[in-house]
There are 2 protein chains.
Amino acid sequence: MSKSGTTTPARATIRTVAADAGVSVAAVSKVLRNAYGVSDGLRDKVQKSIEKLDYRPSTAARGMRGRTYTVGVLLVELRNPFLPSVIDGVQRTLGKANYKALMGVGEARAKIEQSLIDSMVDMRMDGLLLVAPRLSGDRLARHAQRLPMVVIGHHEPTAALFDTVNSDDRRGARIAVEALLTRGHKDVHMISMPEENAAQNVYREREYGYRDAMVAAGLADRIRFWRQKERFAQPDGTIDALLESPDRPPAVFCWSDIAAVELINKAAARGINVPEDLAIIGYDDTPTAALPLIGLSSMDQHGTQIGELAAAALLSRIEGRTVPEHRLIEPGLILRRST
Amino acid sequence: MSKSGTTTPARATIRTVAADAGVSVAAVSKVLRNAYGVSDGLRDKVQKSIEKLDYRPSTAARGMRGRTYTVGVLLVELRNPFLPSVIDGVQRTLGKANYKALMGVGEARAKIEQSLIDSMVDMRMDGLLLVAPRLSGDRLARHAQRLPMVVIGHHEPTAALFDTVNSDDRRGARIAVEALLTRGHKDVHMISMPEENAAQNVYREREYGYRDAMVAAGLADRIRFWRQKERFAQPDGTIDALLESPDRPPAVFCWSDIAAVELINKAAARGINVPEDLAIIGYDDTPTAALPLIGLSSMDQHGTQIGELAAAALLSRIEGRTVPEHRLIEPGLILRRST
């Protein structure tokens, strides 16, 4: 238990920051808002004074403009190894504008998502960034009427009230499947998620891409899905069934590295040679895929770039933009030993 | 753009919940607070009415008791694969008491941590749960004077103002190193983190445990540390240097699976046989360690249990407990192919 022996300096205000930096209060405000037309020199000067005086815009600015300089980020779950790179990009872009992210985990359940979003609104966060939400488009539109919103991992290119930033999942899947077809495989199967969940349309787009490639190759009759239950990082028997099936395919495209890493490991444990007897391509290019002992080919979504673009879009919405923006990022195939 | 065609039902209150469940308002309040002496029958009844009426205690209760039913969780970084199991435990325990977690990522920088904690306090969160904070004990004590606080991954067994829940890191490290010594290895080295960072004392405890085991075996003169730079998930050359050293040891204990997974993969890439020429034990028993293609021995910290205990401690602090509690959880060694 420590006695308060140090004297607390008076709390910094936007005025003391302006005085310290030798600029106007309006100039400091511009830097804080990350407004257009701020020179690098001005930004540097003001940032130095902010750090020196330990100024906290989050509190002080509230009185001034009603902002909390905080953005609510809703994540579907923490185990998806695609998330850290997205969040890196989000935090980097928000940090430059003196914004912070506070995150909630929806556990892929619409009810929990709803409750977290309500809390974020109640806490007067300045905007919402939703990653792979399970809420329907209608629900999303309703939230977007309450505050600025950008959605990642949910395809809705005609949404009028919010922005979307996504990997071009359909194109990515087609590129991956074509890489397997080029190697002479005909029975290319896909491991995907349940058919009934329409809200999560990212892997639906990947299914379209798989179909596109198979149909274009004249292999429409060889299309076959193996559907996992929606239990993240919890093996559910689907992959064991595939490996033990008399119809085991020579090549499999997986909706996510989560499935592909399980597949390549269980194949090895059964003595199945990868890629000779089983070629595999995953999705997300997670750190695990890149390990030399795993060597999994995978689609890189460029998660950091998606996070940066989404955060920048949210900041410009907070600044007043209302015309919707829908961005698709071109993914890139990373080939390793598994193909 | 959808017109609001549906009529909004009147918002549920604690009174309508009580009426629906056929119990008193005080009884609903008890369930919401997760108070002692609530029967399972009462809890079930009230929970059903809450779900049916879509009642949101976060808003409604604020007027009643000044609570937001929200807890701020500060994470050191998102890439540490130990975190998801801790957060699972936290969310499960908070959810039962109708609390939610909102998380910030401190990026292992005290300044960002400070700013996130300030936001959590400003937003009137009911308590703080810090995971492996970089702030010093004094700073932590100051925050604990502002609101109920529990810390995970920071050893401070005499802290008077907050609780701690930790793995017994010293004992875990000793058990791991003894397992390597039992196999006849004498030059057991340890990969750890930088020496100067005193705030993060989890791996310091693991260093003590390593020393304990070496000294007890009469091998004090064989103690040797390889210290990584503090760059999460960013290889920094330390492990390459170890593998290429003429003094390459036959056995290595790693402060974390983050290091051990890099070590086992780089050893394989160099054609070094594990465990014959290099035995490895990691820490955290991450999902990657358990993959058949990795087969890494590792200490299981029981992260879910740590998360559950920490959340329960925070809830009881929010309910008014002030006597500090400091818990150490016994870790367990999981042996796989790498030893």
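It should be emphasised that the depicted structure is a prediction, and the values quoted were computed from it without experimental measurement.

Visitor: Is there a simple way to explain the overall build of chain A in this structure?
Guide: Within chain A one finds 13 helices and 12 strands. When the backbone C-alpha atoms are referred to their principal axes, chain A occupies close to 75 × 45 × 40 Å. Counting every position in chain A, which comprises 339 residues, the buried fraction comes to 56%. Here the contacts in chain A between residues at least 6 apart in sequence split such that 68% fall between residues at least 24 apart.

Visitor: What am I meant to see in helix H13 (residues 303–318) of chain A here?
Guide: Residue and element names in this part refer to chain A. Relative to the 22 Å expected for 16 residues at 1.5 Å per residue, H13 spans 22 Å between its end C-alpha atoms, a close match to the ideal helical length. Every buried residue belonging to H13 is among Gly303, Ile306, Gly307, Ala310, Ala311, Ala313, Leu314, Leu315, Arg317 and Ile318, and all of these are buried. Phi turns positive one or two residues past the end of H13, at glycine 320, with a value near 125 degrees.

Visitor: Would you mind showing me how to read the interface of chain B and chain A here?
Guide: Where interface size is given, it is often the accessible area lost as the parts come together that is meant. Tallying the contact residues gives 45 residues for chain B and 45 residues for chain A. In total, about 4,100 Å² of surface goes out of reach between chain B and chain A, with carbon and sulfur atoms giving 60% of it. Residues arginine 79 of chain B and aspartate 88 of chain A are paired through a salt bridge, measuring 2.7 Å at the closest nitrogen-oxygen approach. Seen at the junction of chain B and chain A, the total is 11 residue pairs in polar contact (both at pLDDT 80 or more). Within the residue set of the side of chain B that touches chain A, elements represented by two or more residues are helix H4 (57–65), helix H5 (83–96), strand E2 (100–105), helix H6 (110–122) and helix H11 (257–269) of chain B.

Visitor: Please clarify how the environment of glycine 307 of chain A should be interpreted in this entry.
Guide: Within the secondary structure, glycine 307 of chain A sits in helix H13. Sequence separation between glycine 307 of chain A and glycine 172 of chain A is 135 residues; the distance between their C-alpha atoms is 18 Å.

Visitor: Explain the relation of the copies chain B and chain A to me, please; I cannot follow it from the model alone.
Guide: One chain copy maps onto the other through a rotation about an axis and a shift parallel to that axis. The two copies are related by a screw motion: chain B maps onto chain A through a turn of 180 degrees and a shift of 0.1 Å along the axis, at an RMSD of 0.2 Å. Taken together, the turn and the small shift mark the pair as related by a two-fold rotation axis. When each C-alpha of chain B is compared by its distance to the rotation axis, methionine 103 of chain B comes out closest, at 2.3 Å. Of the interface residues in chain B, 98% have counterparts in chain A that sit at the interface too, so the contact is made through matching surfaces.

Parameters and conventions
Residues numbered from 1 in each chain as written. Chains lettered and ligands numbered in written order. Predicted model: local features only at pLDDT ≥ 70, side-chain atom pairs only at ≥ 80, totals over all residues. Heavy atoms only, no water. Helix = DSSP H or I, 4+ residues; strand = E, 2+ residues; numbered from the N terminus. Buried < 20%, exposed > 50% of the residue type's maximum accessible area, 1.4 Å probe, protein only. Contact = heavy atoms within 4.5 Å. Expected span 1.5 Å × (residues − 1). Buried area = accessible area lost by both parts, 1.4 Å probe. Salt bridge = Lys/Arg side-chain N within 4 Å of Asp/Glu carboxyl O. Polar contact = N/O pair within 3.5 Å; in protein donor to acceptor, adjacent residues only side chain to side chain. Least-squares fit on C-alpha atoms with pLDDT ≥ 70 in both.

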